[in-house]
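The primary structure of each chain is shown beneath.
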Amino acid sequence: MRFGRTPEQHAFSEALDDLLGAADVPAASRAWATGDHSAGLKLWQRLAELGVTGLLVSEENGGLSASAVDLTVAFERLGYHGVPGPWIESVAVAPRLLPGTPEGDLLARLASGEALVSVAPGKRALDADVAERTYALGATLCRAEPGAERTSVDPTRRLFEVTPGEEIATIDPAPALDLGTLACSAQLLGAGLRLLDDSVAYVKQRTQFGRPIGEFQAVKHLLADVRVALDFAAPLVHNAAVELDAGTPTAARAVSAAKVAAGDAAYLASRTALQVHGAIGYTREFDLSLWILKVRALVGAWGTPAEHRARILESLVEAR
Amino acid sequence: MSTLEFTEAEEAFRLEAREWLAANNPGRLPSMDTAEGAAAHREWERTLASGRWSVVTWPETYGGRDASLTEWVIFEEEYYLAGAPTRISQNGISLLAPIIFGHGTEAQKERYLRDMTDGTLVWAQAWSEPEAGSDLASLRATATRVEGGWKLNGQKTWSSRAPFADRGFGLFRSDPSAERHRGLTYFLFDLHTDGVTVRPIDQLDGTPGFAEIFFDDVFVPDEDVLGGVGDGWKVAMSTAGNERGLSLRSPGRFCAAAERLLDLWATDPQSHLRDQVVDAWIGAEAYRLYTWGTVAHVEAGGSVGAEGSINKLWWSELDLSLHETALSLLGADAELSGPWADDYLFSLSGPVYAGTNQIQRNIVAERVLGLPRGGR
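Bear in mind the structure is a predicted one, so any value in this text is a computation, not a measurement. Here, residues in each chain are numbered from 1, in the same order as that chain's written sequence. As a convention, the first chain written is A and the first ligand written is 1, with the rest following in written order. This being a predicted model, a pLDDT of at least 70 is required before a residue's local features are given, and a value of 80 or more before pairs of side-chain atoms are given or counted; all residues contribute to the totals for chains, interfaces and linings. Water and hydrogen atoms were dropped before computing side-chain values, which therefore reflect all heavy atoms in the structure.

**So, the overall build of chain A**
To qualify as a helix, a DSSP run of H or I must reach at least 4 residues; to qualify as a strand, a run of E must reach at least 2; elements of each kind are numbered from the N terminus. Within chain A, the secondary structure is distributed over 11 helices and seven strands. The C-alpha radius of gyration of chain A comes to 19 Å, within 12% of the 20 Å expected for a compact globule of 320 residues. Along the longest, intermediate and shortest principal axes, the C-alpha atoms of chain A span 65 × 50 × 35 Å. Looking at the 320 residues of chain A, the share that counts as buried comes to 60%. Taking the intrachain contacts of chain A between residues at least 6 apart in sequence as the baseline, contacts between residues at least 24 apart amount to 71%. For chain A, the exposed area adds up to about 12500 Å²; of that, 51% sits on carbon and sulfur atoms. Here the radius of gyration uses the C-alpha set of atoms, whereas the globule reference equals 2.2 Å times the residue count to the power 0.38. When a residue's accessible area, from a 1.4 Å probe over protein chains only, is under 20% of the maximum for its type it is buried; when over 50% it is exposed; and in between it is partly exposed. We call two residues contacting when some pair of their heavy atoms lies within 4.5 Å. For every accessible area listed, the method is Shrake-Rupley and the probe measures 1.4 Å; residues are considered covered only by the protein chains on display.

**So, the overall build of chain B**
Looking only at helices and strands, chain B features 11 helices and eight strands. When its C-alpha atoms are laid out on the principal axes, chain B stretches across 70 × 45 × 45 Å. Relative to its full complement of 376 residues, chain B shows a buried share of 54%. For chain B, the share of sequence-separated contacts (at least 6 apart) that also reach a separation of at least 24 residues comes to 71%. With an accessible surface of roughly 15600 Å², chain B has 51% of that area assigned to carbon and sulfur atoms. Of note, chain B has its 33 positive side-chain charges centred 5 Å away from the centre of its 55 negative side-chain charges. Asp and Glu count as negative and Lys and Arg as positive, but His and the ends of the chain are not part of the count. Charged groups are reduced to one reference atom each: NZ for lysine, CZ for arginine, CG for aspartic acid, CD for glutamic acid.

**Brief notes about unusual backbone geometry**
Residues and elements named next belong to chain B. Phi at Arg52 takes a positive value of approximately 55 degrees, unusual for a residue other than glycine. With respect to the helices, strands and loops of the structure, Arg52 is situated in the loop between helix 2 (35–50) and helix 3 (69–81). Although it is not a glycine, Arg161 sits at a positive phi angle of roughly 70 degrees. For Arg161, the location among the structural elements is in the loop between strand 3 (149–156) and strand 4 (167–173).

**Considerations on the packing of helix 11 (residues 305–318) of chain A against helix 8 (residues 274–299) of chain B**
As a rule, the C-alpha atoms of each element are fitted with a line to give its axis, helices using only the stretch in contact, and angles between N-to-C directions run from 0 to 180 degrees. Close contact between helix 11 of chain A and helix 8 of chain B brings their axes to 10 Å; oriented N to C, the two are set at 75 degrees. One finds that helix 11 of chain A runs roughly perpendicular with respect to helix 8 of chain B. Residues A:Arg309, A:Ala310, A:Ile312, A:Leu313 and A:Leu316 of helix 11 of chain A lie in contact with helix 8 of chain B, whose contacting residues are B:Arg274, B:Asp275, B:Val278, B:Asp279, B:Trp281 and B:Ile282. Residue type decides the class: Asp, Glu, Lys and Arg count as charged, Ala, Val, Leu, Ile, Met, Phe, Trp, Tyr, Cys and Pro as nonpolar, and the leftover types, Gly among them, as polar. Here the contact of helix 11 of chain A with helix 8 of chain B is built from residues that sort into seven nonpolar, no polar and four charged. Angles are sorted into four bins: roughly parallel if under 35 degrees, roughly antiparallel if over 145, roughly perpendicular if 65 to 115, and oblique for all others.

**Quick word on the packing of helix 8 of chain B against helix 9 (residues 307–330) of chain B**
Residues and elements named next belong to chain B. One can describe the packing of helix 8 onto helix 9 by two numbers: an axis separation of 10 Å at closest approach and a directional angle of 155 degrees. In terms of orientation, helix 8 lies roughly antiparallel with respect to helix 9. In this structure, helix 8 meets helix 9 at a crossing whose hand is left-handed. Where helix 8 approaches helix 9, its residues Gln276, Val277, Ala280, Gly283, Ala284, Ala286, Tyr287 and Tyr290 are matched on the opposing element by Glu307, Ile310, Asn311, Trp314, Trp315, Leu318, Leu322, Thr325 and Leu329. Two helices cross in a left-handed way if the nearer one is turned anticlockwise from the farther one by less than a right angle. They cross in a right-handed way if the turn is clockwise.

**Considering the sheet that holds strand 3 (residues 133–137) of chain A**
Residue and element names in this part refer to chain A. Pairing between strands is defined by DSSP: at least two bridges between them are needed. Ordered by their spatial adjacency, five strands build an open sheet running 1-3-4-5-2, and the pairing between neighbours is mixed. The sheet is open, and its two edges are formed by strand 1 (117–120) and strand 2 (124–126), each paired on a single side. Ignoring strand direction, the axes of neighbouring strands in this sheet form an average angle of 45 degrees. As judged from the three bridges shared by strand 2 and strand 5 (residues 158–170), these two strands associate in the antiparallel manner. Bridging across to strand 5, Arg124 finds its partner in Glu161.

**Some remarks on helix 9 (residues 251–277) of chain A**
Three- or four-residue spacings in an α-helix give side chains the same orientation, since the helix completes a turn every 3.6 residues. All names here are of chain A. Under the 1.5 Å per step criterion, the end-to-end length of helix 9 is 38 Å for 27 residues, consistent within 8% with the ideal 39 Å. Burial analysis of helix 9 places 20 of its 27 residues in the buried class, the great majority of the element. Immediately beyond the C-terminal end of helix 9, within one or two residues, lies Gly278, with a positive phi of roughly 70 degrees. Multiplying 1.5 Å by the residue count of a helix minus one yields the expected span of that helix.

**Regarding the interface of chain B and chain A**
Facing 46 residues of chain B, the contacting portion of chain A comprises 39 residues. When two parts are brought into contact, each loses some accessible area as probed by a 1.4 Å sphere; the total of that loss over both is the buried area. Across the interface of chain B and chain A, roughly 3800 Å² is buried in total on both sides, 69% from carbon and sulfur atoms. B:Asp279 is the partner of A:Arg309 in a salt bridge, and the nearest nitrogen-oxygen pair spans 2.7 Å. Counting residues per element, the ones that place at least two in the side of chain B that touches chain A are helix 7 (251–266), helix 8, helix 9 and helix 11 (357–368) of chain B. Counting residues per element, the side of chain B that touches chain A draws most heavily on helix 8 of chain B, which supplies 15 residues. Taken together, the residues of the side of chain B that touches chain A break down into 22 nonpolar, 11 polar and 13 charged. We define a salt bridge as a contact between a side-chain nitrogen of Lys or Arg and a carboxyl oxygen of Asp or Glu at a distance within 4 Å.

**Some details on the pairing of strand 1 (residues 123–126) of chain B**
Residue and element names in this part refer to chain B. Where burial is concerned, the two faces of strand 1 agree: the one with Trp123 and Gln125 and the one with Ala124 and Ala126 are both buried. Bridge count for strand 1 against strand 4 is four bridges, and the pairing is parallel. When the sheet's bridge partners are listed, Gln125 is paired in strand 4 with Phe169.

**Observations concerning the pattern of salt bridges**
Residues and elements named next belong to chain A. Tallied over the entire structure, the rule returns 43 salt bridges over all chains. Of the charged contacts in the structure, one is a salt bridge between Arg158 and Glu149, with a shortest N-O distance of 3.8 Å. Via salt bridges that share partners, Arg5, Asp17, Glu76 and Arg77 belong to a single interconnected network.

**A closer look at the packing of aromatic side chains**
Aromatic rings in a pair are described by how distant their centres are and how their planes are angled relative to each other. Note on aromatic contacts: the rings of Phe and Tyr and the six-membered ring of Trp form a pair at centre separations within 6.5 Å, being stacked when their planes are under 30 degrees apart, edge-to-face when over 60 apart, and tilted otherwise. Going through the model one piece at a time under the given rule, you end up with 28 aromatic pairs over all chains. With a centroid separation of 5.3 Å and 5 degrees between ring planes, the pair formed by B:Trp53 and B:Phe75 is classed as stacked. Here B:Trp53 is found in the loop between helix 2 and helix 3, whereas its partner B:Phe75 is found in helix 3, with 22 residues between them in sequence. Grouping residues by exposure puts B:Trp53 and B:Phe75 together as buried. Between B:Phe169 and B:Tyr186, the aromatic rings sit 6.3 Å apart at their centres with planes inclined by 5 degrees, giving stacked as the arrangement. Of this pair, B:Phe169 sits in strand 4 while B:Tyr186 sits in strand 5 (residues 184–190), and the two are 17 residues apart along the sequence. By the burial criterion, B:Phe169 is buried, and B:Tyr186 matches it. Pairwise contacts between aromatic rings join A:Phe232, B:Phe254, B:Tyr287, B:Tyr290, B:Trp314, B:Trp315 and B:Tyr353 into one cluster. Sitting over the ring of B:Trp53, B:Arg65 keeps its end group 3.6 Å from the ring centre. When the ring centre of B:Phe172 is taken as reference, the NZ or CZ atom of B:Lys156 above it lies at 4.7 Å. Lysine and arginine charges are scored as sitting over a ring when NZ or CZ, respectively, is within 6 Å of the ring centre and within 35 degrees of the ring normal.

So this is what it looks like as structure tokens:
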């Protein structure tokens, strides 16, 4: 296959679905939101056994030296199942950030899932309260002490103010940021797919005027548009991963395109899911809220759509 | 292109296409829906055929190169990046030919295929009727059995290319007692024969791209029945799939338009429309990558079913929004006639033809998402 996933990647995706489908992820998310990390950490360990935490860690450090495409396979499923925690930071970003720095000793424990870390690409770090170490990423890599907690629109995302502390290394942050952005795009895509699946299931069983609301053309058309948006975001995410793996000159632009498209598609999925569910979709008690709120948070994380559009344009202009 | 691995042979094919186009491409021609433009486009089809670039995926016997689907997409990318003319033979090559290959007799292949590759025979699509748009099953034009063939009666409308075409193809009701979808037969007919009246209709752009066709006891011999008598619906559905799916709108077209849009934006880089410009580029890039995914899927033995509707929704909306952005960038000059205004008017037809986008959304909802049928 020249453009698509390998049979091994399909099998990996299915294994993640089997594990996460059988676990009560929404319950773990709700506990995580209150600061009770036990169920979430148990999930972390089980995913570590499947190799998720070691994907980007080198084999000599106990990881899998896997590709960015493999990373997107995993993050799409994490997004689909709404798994809470600093996954992007620990699994996508840190393994690119820490090798060759004095913090490299952490890599083996990241790979095994024993250690979780958080990385703040800006002012705040996700889940710093559960992270063994927290880093601030700018032109240099610094240790950071978590400060005041800020409330995210997504209650499962526990955010902490950071101020850069001791400088660890002078690094080029771009490759790690691109991997974080890519993972975020895949997570958004997965969340969008879940919102669509749940909406389709709901409109088939919810009846009004004596028939399932999924028979109404107005409902059908909303959901068809979501399918279209997700189907065209997916190849951009895949392509960005392939380009990062190949180290093409346009890889950063491809990552930005993936983030914009996956964010737009997932956001459309969340708006549509809320609309077709009606008032039940607007409640916290109903699990749909977990994905609606996460999508809104991730749309602005790892670069806003405006920032990524600007980066794309800059790259296109440069290429002319 | 670096994310896609092409073989040396495919790269060589790309280079050959690029070089041939650079040497032969006449650029933009007058609209094919004018007498002058139709003649110029037929000439271009002759040139394309002489270079064997008219139907690259066809067997060599019929003027093709036996090219793979991958090579076809490569050719189309080069074609549109070169800014080569639109194809007046498109109805024949993209819509009719797959049906002739799939359902036609050897005699029909011999009689029609080669002549549509070089502009000798230009075909009009006679799909719609005054009371039947996307609802093809409600067609009323009739075919009555006579000795040696059939007599066609009734009216077709919105028939693309008909004013300057030679022949047409369409469905007629050959068994009025049968149910809606049954009793339809697919006919090929001569637009210049007795009993046929073609009345051109000016399109939104002012050119007679459509026509009404009136049939008054038009004789069609048995040899111009395509597929079996009464099988017209089945045959037509495979045509509709071609039109909505991969074969009509190659990604090269949108990538080239997005490039031109960037050029236009560069004349006013302070414009607040930059996000729309970027989105047009993203949309075209997504379409290119999606298409390569489809090519890989088909070359691995898969098929394109209702996903063709997903495809059609994307390119038609992309085409329209891309051109709307261009007109916004042009400001007050947008109302002046020119390439952007012409292409904008054409893009307006995308969500309407080949099954409206409302019909496409129903197909996606019912056949892809599995929502219940019924209830409009």
